Amino acid sequence: MIPILDTHLHLIYQDDFSYDWCAGIPALNKNFHLHDYQKLVEGRGVAASIFMEVDVAEGEIAAEARFFTELAKADDNPLTAVIASCRPERDDFEQQLETTLTDSVCGLRRVLHTMPDELSQSSLFRDNIRTLAARGLPFDLCFLERQLALAYDLAAACPENRFVLNHCGVPTIAAENFDAWKQDLSRLATLPNVSCKVSGVIAYCPDPEQATLDTLRPWLETSVEAFGTDRIVFGSDWPVCNLTKGLPAWLDIARGFFSSFSDDEQHAVFHRNAEAIYSIPAL
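Residues numbered from 1 in each chain as written. Predicted model: local features only at pLDDT ≥ 70, side-chain atom pairs only at ≥ 80, totals over all residues. Heavy atoms only, no water.

A. Structural context of the environment of serine 260. Relative to the elements of secondary structure, serine 260 occurs in the loop between helix H8 (247–258) and helix H9 (263–278). Considered as a pair, serine 260 and glycine 136 are 124 residues apart in the sequence and their alpha carbons are 33 Å apart. (Helix = DSSP H or I, 4+ residues; strand = E, 2+ residues; numbered from the N terminus.)

Right, dumping it as structure tokens:
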């Protein structure tokens, strides 16, 4: 079985951190601990995982990075690194990084799909993002499908940076939205410094019963056609994937889709590309 490096694992520890955004989503407004995830992926070839920040309160960002860094240091779980939260719109961005970056932080993200569109377009935001290139830290792009032009503008303005588009650009899995999403995604893929994370798309099916490989195939095929197998990485987006059919189903869909690709392409998608982007030791 080809090993998987899960590049997008959310863990929710309600007793330790504040998650205001969870309040309106009952299915996610509870604990999702590392041992719960381990049970779900047991025997499914997930060899390593990267914790993805969960948009905690701003004052808890550094504590979140340290907390999951400690979990990543343990030998009894697959957690290997941390993608930490950041605030590039702030004048004190560099000082924030000094308190946030640990030896396990392999990348950074700012949740942008719930923020004003203009946030990522300011010169301050872009200047701060550019400083990450010298640190060798990629930046995950968290935009909605209607915002893919904003993602393009940001990545084009920072050509020395490496960017990873989350969730194939968060498409609404509905036929009437497909063409516009495909056009914007394909334009973003023309930028060589952008990769695409095949993650979470199962959560965007309007009906859980539609969360199948047959339904998702056009979106998966388009993502791979646009970026090529050398710029695709895999992520579970657990527990957000629970909004439809959950993690085991998503793993089965992903493996089923890529099973027609060569072994070399599958190794690239499931772990090798991510190892290079996030500087993770080879599995």
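Here the narrative resumes.
B. Structural detail: the pairing of strand S5 (residues 139–142). Side-chain alternation along S5 places Phe139 and Leu141 on one buried face and Asp140 and Cys142 on a second face that is also buried. As paired strands, strand S4 (residues 105–111) and S5 are joined by four bridges and run parallel to one another. By the bridge assignment for S5, valine 111 is matched with cysteine 142. Handedness of the crossover joining S4 and S5 through helix H4 (residues 123–135): right-handed. (Buried < 20%, exposed > 50% of the residue type's maximum accessible area, 1.4 Å probe, protein only. Pairing = 2+ DSSP bridges. Right-handed = clockwise from strand over helix to strand, strands pointing away.)

C. Examining unusual backbone geometry more closely. For the peptide bond that leads from tryptophan 238 to proline 239, omega is 5°, which places it in the cis range. Mapped onto the elements, proline 239 comes out in the loop between strand S8 (232–235) and H8. Phi at aspartate 237 takes a positive value of approximately 55°, unusual for a residue other than glycine. Phi at serine 279 is positive, roughly 55°, even though this residue is not glycine. With respect to the element layout, serine 279 can be found in the segment after H9.

D. Spotlight on the packing of aromatic side chains. By the definition in use, this model includes 19 aromatic pairs. Aromatic ring contacts, followed pair by pair, group Phe234, Trp250, Phe257, Phe258, Phe261 and Phe270 into a single cluster. Arginine 187 extends its terminal NZ or CZ atom over the ring of tyrosine 152, reaching a point 3.7 Å from the ring centre. The residue whose ring lies beneath arginine 255 is phenylalanine 270, and the NZ or CZ to ring-centre distance is 5.3 Å. (Phe/Tyr/Trp six-rings, centres within 6.5 Å; stacked < 30°, edge-to-face > 60°. Lys NZ or Arg CZ within 6 Å of the ring centre and 35° of its normal.)

E. Structural context of the state of the cysteines. Using the criterion set out here, one finds zero disulfides in the structure. The thiol of cysteine 142 is unpaired, and the distance to the nearest cysteine sulfur, on cysteine 86, comes to 11 Å. Summary of cysteine pairing: cysteine 205 is not part of a disulfide, and the nearest cysteine sulfur, belonging to cysteine 168, is at 12 Å. (Disulfide = S-S within 2.5 Å.)

F. Structural view of helix H2 (residues 61–73). For H2, built from 13 residues, the straight-helix expectation of 18 Å at 1.5 Å per residue is met to within 8% by its first-to-last C-alpha distance of 19 Å. For H2, every residue scored as buried is listed here: Ile61, Ala62, Glu64, Ala65, Phe68, Thr69 and Ala72. Buried residues of H2 fall within an arc of 155° about the axis and therefore sit on the same side. Of the surrounding elements, those touching the buried residues of H2 are strand S2 (46–52), strand S3 (79–85), helix H3 (93–100) and S4. (Expected span 1.5 Å × (residues − 1). Arc of directions from axis to C-beta. Contact = heavy atoms within 4.5 Å.)

G. A look at the environment of proline 206. In this structure, proline 206 sits in the loop between strand S7 (194–199) and helix H7 (213–227). By relative accessible area, which is 61% here, proline 206 ends up exposed. Here the alpha-carbon distance between proline 206 and valine 41, two residues 165 residues apart in the chain, equals 25 Å.

H. Quick look at the pattern of salt bridges. Scanning all chains against the criterion turns up 14 salt bridges. Glutamate 58 serves as the salt-bridge partner of arginine 90, at 2.1 Å between the closest nitrogen and oxygen. Of the two residues, arginine 90 sits in the loop between S3 and H3 while glutamate 58 sits in the loop between S2 and H2, which places them 32 residues apart along the sequence. Arginine 90 gets classed as partly exposed once you look at its relative accessible area, which sits at 30%. Aspartate 140 is the salt-bridge partner of lysine 197, the closest N and O atoms lying 2.8 Å from each other. Of this pair, lysine 197 sits in strand S7 while aspartate 140 sits in strand S5, placing them 57 residues apart in sequence. Grouping residues by exposure puts lysine 197 and aspartate 140 together as buried. Taken together, the salt bridges that share partners define one network made up of Asp55, Glu58, Arg87, Arg90 and Asp92. (Salt bridge = Lys/Arg side-chain N within 4 Å of Asp/Glu carboxyl O.)

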